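# Survey of secondary and tertiary structure
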2 protein chains.
Amino acid sequence: MPRHITSFSNDTVKFLRSLRDKKARRQAGLFLAEGLRIMAEARDAGILPAVVACAEGELHPLAAEIVEQAEAAGAEAISVPDEILAKMSGKDNPPLLLGAYRQPRLGLADLDRSASDLWIVAEKLRDPGNIGTILRTGDAVGAGGLILVDDSADPFSVEAVRASMGAIFTQKIVHVPWTEFLAWLRAGPGQLVGTSLQTDHDYLAPTYDKPCFLMVGNEQAGLPEDYEAECDLLVKIPMHGRADSLNAAVATAIMAFQIRASWR
Amino acid sequence: MPRHITSFSNDTVKFLRSLRDKKARRQAGLFLAEGLRIMAEARDAGILPAVVACAEGELHPLAAEIVEQAEAAGAEAISVPDEILAKMSGKDNPPLLLGAYRQPRLGLADLDRSASDLWIVAEKLRDPGNIGTILRTGDAVGAGGLILVDDSADPFSVEAVRASMGAIFTQKIVHVPWTEFLAWLRAGPGQLVGTSLQTDHDYLAPTYDKPCFLMVGNEQAGLPEDYEAECDLLVKIPMHGRADSLNAAVATAIMAFQIRASWR
């Protein structure tokens, strides 16, 4: 049974709230996910929270089930008033359920590149919402995972987790320096594909190689020239308006689905 | 020359800040756009702000040019300290320039459907960031504009304008009830295309008709059944992961670029 807590100054309440902060997340090795739908998806993937907070009063049966399973697996569980849940989630409409999950800490050695034909590589993304949306797209397109290179917004931030719609639990995530990624990539098969304005090669033309590593650049700057130079293939998504760019998550999705389309 | 203002309680300062609120925007018929890049794009499209605020001290030459042109066209111009610009924009890093622009208020009668082969129609979108991203995608793919049906987040909100990256100035925007849109659509040529999980028709198969009206549903609920029933064609984007959905702006982009690809 979850302990019933009504005080904002309770240690578990304060701890869960602290996970909205990147440094606290890193120290604890945990991250927040919220809402019945996403937490049920995590559970279905065999993942339970280490700490769970639920609404007070009678719980939705599915929420009660997740809380019970988490407790059986050793999680601390509390029930709290809506105001506290709202404060933890940062939303006016509080979720029924909120959990702190262990951050999987994977390295490149943990990736089996033959597990998928498509991997997404993102360089210096700054917007956590874009990272979450790319994870969601990665799941939908059957990507093996997301490799973040160089500085990056935190994929385990509340915004990224929310935008991922559960894909934070299903996509493998690795964060490494570019040189380390490149050394790993070249130690096995894989075509590195980037989008660029500096090429006439249309993105609809190629049949992409398998496994394909789709490279996405920073939102403002795009890919640095020396990163482009390392790509096996640069392609261009033609632009028909005034703009010369797309949102980073949108460009990733157009490319990822086209890569898959080229294999059909 | 912009008047130099240092007080948060100045009327023009308060007025510009008020435009972060939807009701104030509607009453004034204005919206905020910020940053040199977007305001220069607007200017290049012949659009100048009705009120403009710039940083104090020596201005970037392009910023100075825009302020001067706006003043010559009758705009009120003020220069303010960074703290005030930051407060107006809601960003820690204030823009150099911020402007209040007139909301174009267009109806369906103002749209020339033959002006483009592709139009985007969005039903009950709730996230202004999605609306802005769809506008940006619309510009990139050469869409004629965005038709918002039924309730909708405000396309002129700060978040939508920011995500549009200038497309708020180049894409035509109309907001009407569904029945009104449908009557207008059926009074002329146009294929209404929706994405659905209820069909086996793959999105890569068709050569879409021109003009094509791409229909996007609400983020949570997708398209209502009776709206799907009005579509001339329902297609499915195949999903390869656990998820059965994509972010609304991402799905719109995949479809919009595929519609264009089908014409090549």
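Details of the structure are given in the entry above.
Heads up: these notes are all about the structure in this document. (Residues numbered from 1 in each chain as written. Chains lettered and ligands numbered in written order. Predicted model: local features only at pLDDT ≥ 70, side-chain atom pairs only at ≥ 80, totals over all residues. Heavy atoms only, no water.)

## Considerations on the overall build of chain A
Helices and strands together make up the secondary structure of chain A, namely ten helices and eleven strands. Against the compact-globule benchmark of 18 Å for 264 residues, chain A has a radius of gyration of 20 Å, which places it among compact chains. Taken along its principal axes, the extent of the C-alpha atoms in chain A is 60 × 40 × 35 Å. Sorting the 264 residues of chain A into buried and exposed places 59% on the buried side. A sequence separation of at least 24 residues applies to 79% of the contacts in chain A between residues at least 6 apart. In the structure as shown, chain A presents an accessible area of about 11200 Å², 47% of it carried by carbon and sulfur atoms. When the 26 basic and 35 acidic side-chain charges of chain A are each reduced to a single mean position, those positions are 2 Å apart. (Helix = DSSP H or I, 4+ residues; strand = E, 2+ residues; numbered from the N terminus. Rg over C-alpha atoms; globule rule 2.2 N^0.38 Å. Buried < 20%, exposed > 50% of the residue type's maximum accessible area, 1.4 Å probe, protein only. Contact = heavy atoms within 4.5 Å. Areas by Shrake-Rupley, 256 points an atom, 1.4 Å probe, with all protein chains shown as cover. Lys, Arg positive; Asp, Glu negative; His and termini not counted. Charge placed at Lys NZ, Arg CZ, Asp CG, Glu CD.)

## A closer look at the pairing of strand E4 (residues 76–80) of chain A
Residue and element names in this part refer to chain A. The buried fraction of E4 is high, at four of five residues. In terms of strand pairing, strand E1 (residues 3–4) meets E4 through two bridges, oriented parallel. Each residue of the ladder has a partner; that of Arg3, found in E4, is Ile78. Note that strand E3 (residues 51–55) and E4 share five bridges and pair parallel. (Pairing = 2+ DSSP bridges.)

## Section: the nonpolar core
Judged by nonpolar contacts, the single largest core of 115 residues is most densely connected at Tyr208 of chain A together with Tyr208 of chain B. When neighbours within four sequence positions are excluded, Tyr208 of chain B is seen to be in contact with Gln191, Val193, Tyr203, Leu233, Val235, Met255, Gln258, Ile259, Ser262 and Trp263 of chain B. In terms of nonpolar packing, the next biggest core, distinct from the first, is built from 20 residues, Val174, Leu182, Trp184 and Phe213 of chain A among them. (Core = buried A, V, L, I, M, F, W, Y, C linked by side-chain atoms within 4.5 Å.)

## Comments concerning the side chain of Arg113 of chain B
Residues and elements named next belong to chain B. Along the chain, Arg113 turns up in the loop between strand E5 (97–102) and strand E6 (118–123). The side chain of Arg113 is buried and forms no salt bridge, while Asp112, the nearest opposite charge, is found at 7.0 Å. Within the structure, Arg113 has its side chain in polar contact with the backbone oxygen of Pro189 (distance 2.8 Å). Sequence-distant contacts of Arg113, defined by excluding residues within four places in its chain, comprise Trp119, Trp184, Leu185, Ala187, Gly188, Pro189, Pro211 and Phe213. (Salt bridge = Lys/Arg side-chain N within 4 Å of Asp/Glu carboxyl O. Polar contact = N/O pair within 3.5 Å; in protein donor to acceptor, adjacent residues only side chain to side chain.)

## Quick word on the sheet that holds strand E2 (residues 30–34) of chain A
Residue and element names in this part refer to chain A. Here five strands make up an open sheet; going across it, the order is E1-E4-E3-E5-E2 and the pairing mixed. In the strand order of this sheet, the two ends are held by E1 and E2, each with one partner. Pairing of E3 with strand E5 (residues 97–102), which is carried by four bridges, proceeds in the antiparallel orientation. From the neighbouring strand, Ala53 faces E5, where its bridge partner is Leu98.

## Things to note about the packing of aromatic side chains
Tallying each qualifying case throughout the model produces 20 aromatic pairs over all chains. Taking the centre distance of 4.7 Å and the plane angle of 65 degrees together, the rings of Tyr101 of chain B and Phe169 of chain B count as edge-to-face. You can see Tyr101 of chain B sitting in strand E5 and its partner Phe169 of chain B sitting in the loop between helix H7 (158–164) and strand E8 (172–176), a full 68 residues away along the chain. You can call Tyr101 of chain B buried: its relative accessible area is 1%. For Phe169 of chain B, a relative accessible area of 12% puts it in the buried group. Among the aromatic side chains, those forming a connected cluster through ring pairs are Trp119, Trp178, Phe181, Trp184, Phe213 and Tyr227 of chain A. Taking NZ or CZ as reference, Arg113 of chain A lies 4.2 Å from the ring centre of Trp184 of chain A, over its face. (Phe/Tyr/Trp six-rings, centres within 6.5 Å; stacked < 30°, edge-to-face > 60°. Lys NZ or Arg CZ within 6 Å of the ring centre and 35° of its normal.)

## Looking at the pattern of salt bridges
Summed over the entire model, instances satisfying the criterion amount to 23 salt bridges over all chains. Here Arg3 of chain A and Glu76 of chain A are joined by a salt bridge, their closest N and O atoms 2.5 Å apart. Residue Arg3 of chain A is located in strand E1, and its partner Glu76 of chain A is located in strand E4; the two are separated by 73 residues in the primary sequence. On the basis of relative accessibility, which here comes to 42%, the residue Arg3 of chain A falls in the partly exposed class. We note a salt bridge from Asp117 of chain B to Lys210 of chain B, for which the minimum N-O separation is 3.7 Å. With Asp117 of chain B in the loop between E5 and E6 and Lys210 of chain B in the loop between strand E9 (191–195) and strand E10 (212–216), the pair connects residues that are 93 residues apart, well separated along the chain. The class of Asp117 of chain B is partly exposed, set by a relative accessible area of 29%. One continuous salt-bridge network, built from bridges that share partners, spans Glu34, Lys91 and Arg162 of chain A.

## Re helix H1 (residues 11–18) of chain A
Residue and element names in this part refer to chain A. Residues of H1 that are buried include every one of Thr12, Val13 and Leu16, and no others. The buried residues of H1 occupy one face: seen down the axis, they fall within an arc of 100 degrees. Packed against the buried residues of H1 are E1, E2, E3, E4, helix H5 (82–89) and E5. Its side-chain oxygen placed 2.8 Å from the backbone nitrogen of Thr12, Asn10 serves as the N-cap of H1. (Arc of directions from axis to C-beta.)

## Examining the sheet that holds E9 of chain B
All names here are of chain B. Read from one edge to the other, the open sheet built from six strands follows the order E8-E7-E6-E10-E9-E11, with strand pairing classed as parallel. Pairing within the sheet leaves two strands with one partner each, and these edge strands are E8 and strand E11 (233–235). With strand direction ignored, the average angle separating the axes of adjacent strands in the sheet is 25 degrees. Direction of pairing for E9 relative to E10: parallel, over a ladder of four bridges. Counted as the bridge partner of Val193 is Leu214 from E10. Set on the sheet, helix H6 (residues 128–140) makes contact with E6, strand E7 (145–149) and E8; between it and E7 the angle comes to about 145 degrees. Relative to E10, helix H10 (residues 248–261) is tilted by about 160 degrees, and along the sheet it contacts E6, E9, E10 and E11. (Axes fitted to C-alpha atoms, helices over the stretch in contact; angles between N-to-C directions.)

## Details of the interface of chain B and chain A
Taken residue by residue, the interface counts 33 residues in chain B and 33 residues in chain A. Interface of chain B and chain A: buried area, both sides summed, is about 2700 Å²; carbon and sulfur atoms make up 58% of it. If you look at where chain B meets chain A, you find two salt bridges. Measuring nitrogen to oxygen at the nearest pair gives 2.5 Å for the salt bridge that ties Arg264 of chain B to Asp202 of chain A. Counting the contacts that link chain B with chain A gives twelve residue pairs in polar contact (both at pLDDT 80 or more). When residues of the side of chain B that touches chain A are traced back to their parent elements, those giving at least two are H6 and H10 of chain B. Its residues assigned to classes, the side of chain B that touches chain A shows 16 nonpolar, nine polar and eight charged. (Buried area = accessible area lost by both parts, 1.4 Å probe. Nonpolar A, V, L, I, M, F, W, Y, C, P; charged D, E, K, R; others polar.)

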